[in-house]
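Summary of the model geometry
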Amino acid sequence: MIKNFLKKYGWNYIPGVALMILCSWIQTRAPLALGNAVNEAVKRDWQLFFRYTLSILFIALGVFVTRFGWRWFVIRTSREMEVYLRDRLFTHLLNLPVGFYTTTRSGDLMAYAINDVNAVRLLFGMVFAQFINAVSSLIFSIGEMSAGIHARLTVFSLLPVPLALVIVLGLGALVRKRAKYAQDMFSVISGHVQENINGMRVIKAFAQEDRQYNDYEKESLEKMRANRRWYFASAWMDPLIKTVFGLSCAIGLIYGGNLVMQGTIGLNEYIAFNSYLTMISSPIMMIGRVNNNLQRGLAGYRRIKTLMDVPEVSAFDMQDDKKPISPEIRAKNLSFGYNSDNPALANVSFSLEKGKMLGIVGPTGAGKTTLFNLILKLYPCPRGQLFVGGRDVNDIPAVSLRSKIGYVPQDGFLFDESIEENVRFFSDATREDIERYLDIAGMKGDIARMSEGLATMCGERGNHLSGGQRQRVALARALVRKPEILLLDDTLSAVDNDTEKRILQNLKTELKDRSCITISHRLSAVEAADEIIVLDEGGIKERGTHSQLLEMGGIYAHMYELQQKGESHD
Amino acid sequence: MTEPRSTQKRSSAVWLLSLMKPYRLKLLLAGALIILANLAELIKPRIYATIIDDFLPSAAGGAAAGAAGGFLRGTITGLGISYFAIILISAASSMLQSRIITSVCQKILHTTRMRLFSHIHKMKLSDLDDMGSGRLLTRATNDVEALDEFYGDVMSGLFRDIFLLSGIVVMMLSMNVRLALAGFAALPLIVLITVLCRGALRRNFVKMKAIIGKINGFIAESLSGISVIKSFSRTAEKCRQLYGLDRDYRKTTMFQVFMNGILRPVMEVVNSAAIVFVLLMGFKLAGAEANFAEAGVLVAMTTYIKQFFEPINDLAEKYNTVQSSLVSAERIRSLLEKEKDLERDEPNAYSGTIRGEVEFRDVWFGYDPANPVLKGLSFHVRPGERVAFVGATGAGKTTIISLLSRFYTVQKGEILIDGVNVNDWRLSSLRSQIGVVLQDVFLFVGTIADNVRVHAEISDEEVERALSLSRADSFVSKLPEGIHHTVSERGASFSTGERQLISFARAIAHKPALLVLDEATANIDSDTEELIQASIDAISRGKTSIFIAHRLGTIRFCDRIYYLENGAVAESGAHDELMQLNGKYAALIRSGKDEISVTPRPE
């Protein structure tokens, strides 16, 4: 996945790295220039002094240009990487089979899309840059110190530095561990607070405030301790490193001072040497952070990679073959299970003609929605068992098939856009179409009462609308595409009786040249169906028209009786 | 909230400082330690200067090297050792300082968390609803964490930065006034750049955050709506929408990369310019002042100038943190300030055992007082009676439950329980005796038994009995761990009906004197439906019970039915009487086949 990106943007890293190294090299010129300038100021050689002073300015300008340059090449590219990765990841996620989503929580996927993409961005930007910078400026500084000034002085003063490295890496790991625990504790207390807010009525009704308070206090105290331990550990970092480098500097001061007095090195070199020592400390301190982010970046990259390796739906399913599909559905001993040992559907057979309606009833978990999932090709269907328009669904590209189907999901899922946009849902429907089908779906009155009408935003998952309104907008969304086949999954469950009757009446005229399958808990929604199937535990238990089933006196009749109790009592 | 923003911020800052009051002494000590730690930063260049100026020039010049060698060598060692000693002291005090600040800060956070938690418990439900669970959660968690930064980084950092800045100024001036002034010449430029660039960067950052928030929201939405997107074959369109958002995002990041690429390096150029000024002035002074010519002073000056930039940068960066912590502080403060709106559990208020007499007398109530839901509702339930409320959506049925438990207070009229106004009851006594079963069943993290107990002392046997009375044993007994089965993700593994049965058991186990039940409207399959009906009948027998009924099965065993319309009782009587009356109730029953009212109440 990264290969394509590197092909397009990878060249940026060549000038980037070159500029970075150049930048480090220029920076290591600075201490010498300063040392020389000071030296000449004392010696009162104006020309030399002026030259060195000017070179300080030029060095600064050089650093400015090269640093801006590498940032532009590398950091910008890392931002491109972020966008590229997110776009690719999202496209991939949307092209994964729906089955994938039943086994992976969307919260985890969000974490990939946010945290891991960011971690990889850092890896390809700042982490990379800091690493190159640290290494090159270490090499240049130490080289300058040992080759240019005094090798033994360099070795002696740098003796304590490895200790700093150990501290940075070792203590860094400890800090990381403790930080993680503190963050976990944050999730714990957040979870507790959230549960309390959501369950406030129960807590108040059962007068549980004190108990909850005591529990929370324990967690809050633990969070306090966790934070403290984390901060305490990281509080060691800076002072320890400073002490180590302080030792280096002290050695440099003493030993270097003596060398100056012996005349082995000049004052300018002495001054420069001490500047180099300070310069070295920052890449060493940075190594801790680089290491930290490197780990995160690599882990993030691996997670994204694994995700990207999950096979997408086949190319066959992604294109539209434009062939017409007549609205007939036939199931022949259809059997299917989400996992092998538990069939959701077993030997289901039916045949639905154009212009007819099939009603499906049965308890929760009977396999009703599964049937829809198979017709929509959301899950792979066994060969030779399900036919649409006379063709095995496996031979029809998913995109072609779905373009002929109007599906209304149970929960009436809507997107956080206007009602109009939700109904249009990227189709070429005109505003008139949209209004017409909203009317058919019984939403006209509701929309007229909204101050913003069609432009009303639906909110997250459509939660600004009531359940019944959501379902009706979702119905209009399906109808506006003038589908050949209509799949209604308990679509009117949250709509009141009168409205339901009206909508069903409207649908009857709409369905003339189409076929329709209706799942419902409420029998009133399927009474008019040409055939009704009673599903239970994946199998067909009864079938027939409404009156036939009532006569049969089986499950359906029993359900009808239960739902009718009011009237019979009359 | 009529205060202007600036005043708000100031008072939030004052509030944050006031929380530190109990820890005055510790903080004073920490302050002293900060000064001690940073004195080292100030002294270090001076030691360095002393070494260079007092000992080395002669050596460098080669003049007196041999003569004074032995003595000088000793002193340089001495200075080097004291240099290291100073660093040690500084390291130790900065360590100690940060431990003290951390301890104090974490204690303040803990106290604030606890205050917020108990505040939320005491909030009236109406205020809770108004605020929304998401916002409230943010107050209690993220906003508190944001204070951490205020106390931890900002307070100690701010103090250090200011001390360092002024310390450096003093040091430079005391070494040489004219050199110092030459160094300060670049100062206005720094301030200008900082203000200009940082302002632009901040504005851009706000934009960037807004877009990334939108992007993340969009991705989350798309993932949860994946089956809709796929069913409609709208994958490509959704991707295109994201690409569009990402294009906008990219633009803001490019600006950020550009500005950041300029800002830091430019500061360094300015820094070098300041050093050059100092050097030039130094050269001039070295010629003019007889006693000058000291390299060490120049080196020290340039070191100070380099040090000078750090706190300035730091301050600029902290400005953002301070702003966001102040916003958090302001939110917390304004929540905690609403103390007068809290519920109070008066220990001296009336408390007794409820006999089960309930009376509403001309009750007027509206969640929004201008828009009353109940308009003069009156009814009377005698101990042991079972009554049902029916009526169209929005008639005010569910509101009755909330008023009985005093989750809200009535605007006019009285609610009497056992002849005592609910406002005069002790809140804890009142609520613990009313068994409320809500439509939307809430299950806690924990086992089924925990959920039935809700922390009260109820034995396993009693829990089992309650579960069997409520008919919940029909599915609980099938679970391998039985009543010790852990409820996952708020009971997501149970069906709506099963959750309902658990909540019945919860009500039974607490042996309420008064049972109040809001029947679920949700779809439940017929078998569970029958279980629930039987359960309701069993648990309410012989107990004063108030039902918000949606199903005929429940209505039929009630002693009396109230038909609500427009927030008042329109018809009342037994089912048969009302059917005979052939009024609105009868019409309602005839219109619906299976359910009396199917539209769920608005959230």
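Position labels on residues start from 1 in each chain and follow its written sequence. Starting at A for chains and at 1 for ligands, labels are handed out in the order in which the entities are written. Since the coordinates come from a predicted model, pLDDT governs what is reported: local features require at least 70, and pairs of side-chain atoms require 80 or more to be given and counted, while whole-chain, interface and lining totals use all residues. Side-chain measures here rest on the full set of heavy atoms in the structure, leaving out hydrogens and waters.

**Remarks on the domain arrangement of chain A**
Rules: Residue ranges labeled as domains rest on an automatic or database domain assignment.
Split by domain assignment, chain A resolves into domain 1 (1–149 + 287–313) and domain 2 (326–404 + 523–565). Relative placement of domain 1 of chain A and domain 2 of chain A: their C-alpha centres are 58 Å apart.

**Notes on the interface of chain B and chain A**
Short version of the rule: Note on definitions: a residue-residue contact is assigned when non-hydrogen atoms from the two residues lie within 4.5 Å. Values labelled buried area give the accessible surface lost by two parts on being combined, using a 1.4 Å probe and summing over both. Salt bridges, as used here, are contacts in which a Lys or Arg side-chain nitrogen is within 4 Å of a carboxyl oxygen on Asp or Glu. Any N or O atom pair separated by 3.5 Å or less is treated as a polar contact, with the protein-specific requirement of one donor-capable and one acceptor-capable atom, and with residues adjacent in sequence counted only for side-chain atom pairs. Starting at the N terminus, helices and strands are each numbered in turn, a helix being any DSSP run of H or I of at least four residues and a strand any DSSP run of E of at least two. Under the scheme applied here, ten amino acids are nonpolar (Ala, Val, Leu, Ile, Met, Phe, Trp, Tyr, Cys and Pro), four are charged (Asp, Glu, Lys and Arg), and all others, including Gly, are polar.
Taken together, the 145 residues of chain B in the interface contact 140 residues of chain A. Taken over both partners, the interface formed by chain B and chain A buries close to 13,300 Å², and the fraction arising from carbon and sulfur atoms is 69%. Where chain B meets chain A, there are six salt bridges. Applying the counting rule to chain B against chain A returns 22 residue pairs in polar contact (both at pLDDT 80 or more). Among the elements that line the side of chain B that touches chain A, the one with the most residues is helix 10 (residues 235–288) of chain B, at 31 residues. Grouping the constituent residues of the side of chain B that touches chain A by class yields 72 nonpolar, 40 polar and 33 charged.

**Remarks on the nonpolar core**
Filter applied, for reference: The nonpolar core is taken to be a set of buried Ala, Val, Leu, Ile, Met, Phe, Trp, Tyr and Cys residues, with the residues joined through side-chain atoms within 4.5 Å. Here's how the labels work: a residue is buried when its accessible area is under 20% of the maximum for its type, exposed when over 50%, partly exposed in between, all with a 1.4 Å probe on protein chains only.
Within the largest apolar cluster, 188 residues are counted, with the highest numbers of intra-cluster contacts made by A:Leu89, A:Leu93, A:Tyr270, A:Ile419, A:Leu438 and B:Leu279. Examining the composition of this core, we find that 17 residues originate from one element, helix 10 of chain B, more than from any other. A:Ile419 has contacts with A:Leu438, A:Ile447, A:Met450, A:Gly453, A:Leu454, A:Thr456, A:Cys458, A:Leu465 and A:Val473, leaving out every residue within four places of it along the chain. Grouped together as the second largest cluster of nonpolar side chains are 82 residues, B:Cys105, B:Val363, B:Val381 and B:Ile415 included.

**Considering the packing of aromatic side chains**
Heads up, the rule is: Here a Phe, Tyr or Trp ring, Trp counted by its six-membered ring, pairs with any other such ring whose centre lies within 6.5 Å, and the pair is stacked when the planes are under 30 degrees apart, edge-to-face when over 60, and tilted otherwise. Only when the NZ of Lys or the CZ of Arg is both within 6 Å of the ring centre and within 35 degrees of the ring normal is a charge said to sit over the ring.
As enumerated under the stated definition, the model contains 32 aromatic pairs over all chains in all. Seen from their ring centres, B:Phe379 and B:Phe389 are 4.8 Å apart, and the 65° between their planes marks the pair as edge-to-face. Remark: B:Phe389 occurs in strand 3 (residues 386–391) and B:Phe379 occurs in strand 2 (residues 374–381); sequence separation between them is ten residues. B:Phe389 carries the same exposure label as B:Phe379, and that label is buried. Summarising the aromatic geometry, the rings of B:Phe379 and B:Tyr562 are spaced 5.4 Å apart at their centres and angled 50° between planes, so their arrangement reads as tilted. Of this pair, B:Phe379 sits in strand 2 while B:Tyr562 is found in strand 11 (residues 560–565), placing the two residues 183 residues apart along the sequence. Residue class for B:Phe379 comes out buried when judged on its relative accessible area of 5%. Put simply, the rings of A:Phe413, A:Phe415, A:Phe425, A:Phe426 and B:Phe232 pair up and form one aromatic cluster. For A:Arg86, the ring lying beneath its charged end belongs to B:Tyr249, and the centroid distance is 4.9 Å. For the cation-ring pair, A:Arg330 lies above A:Phe387, with the distance from its terminal atom to the ring centre recorded as 5.0 Å.

**Quick word on helix 17 (residues 496–509) of chain B**
Residues and elements named next belong to chain B. Definition in use: One less than the residue count of a helix, multiplied by 1.5 Å, gives the span that helix is expected to have.
End to end, helix 17 covers 20 Å across 14 residues, agreeing with the expected 20 Å (1.5 Å per residue, within 8%). Counted residue by residue, helix 17 has eleven buried out of 14 residues, so it is predominantly covered. Those residues of helix 17 lying buried are Gly497, Gln500, Leu501, Ile502, Ser503, Phe504, Ala505, Arg506, Ala507, Ile508 and Ala509. Phi turns positive, to about 40°, at Lys511, one or two residues after helix 17.

**Side note on the environment of A:Leu465**
All names here are of chain A. Within the secondary structure, Leu465 is located in the loop between helix 16 (444–449) and helix 17 (467–479). Here Leu465 falls in the buried class, since its relative accessible area comes to 5%. Taking the C-alpha atoms as reference points, Leu465 and Asp446, separated by 19 residues in sequence, lie 10.0 Å from one another. Each residue touching Leu465, except ones within four places of it in the same chain, is listed here: Leu414, Ile419, Met450, Cys458, Arg470 and Val473.

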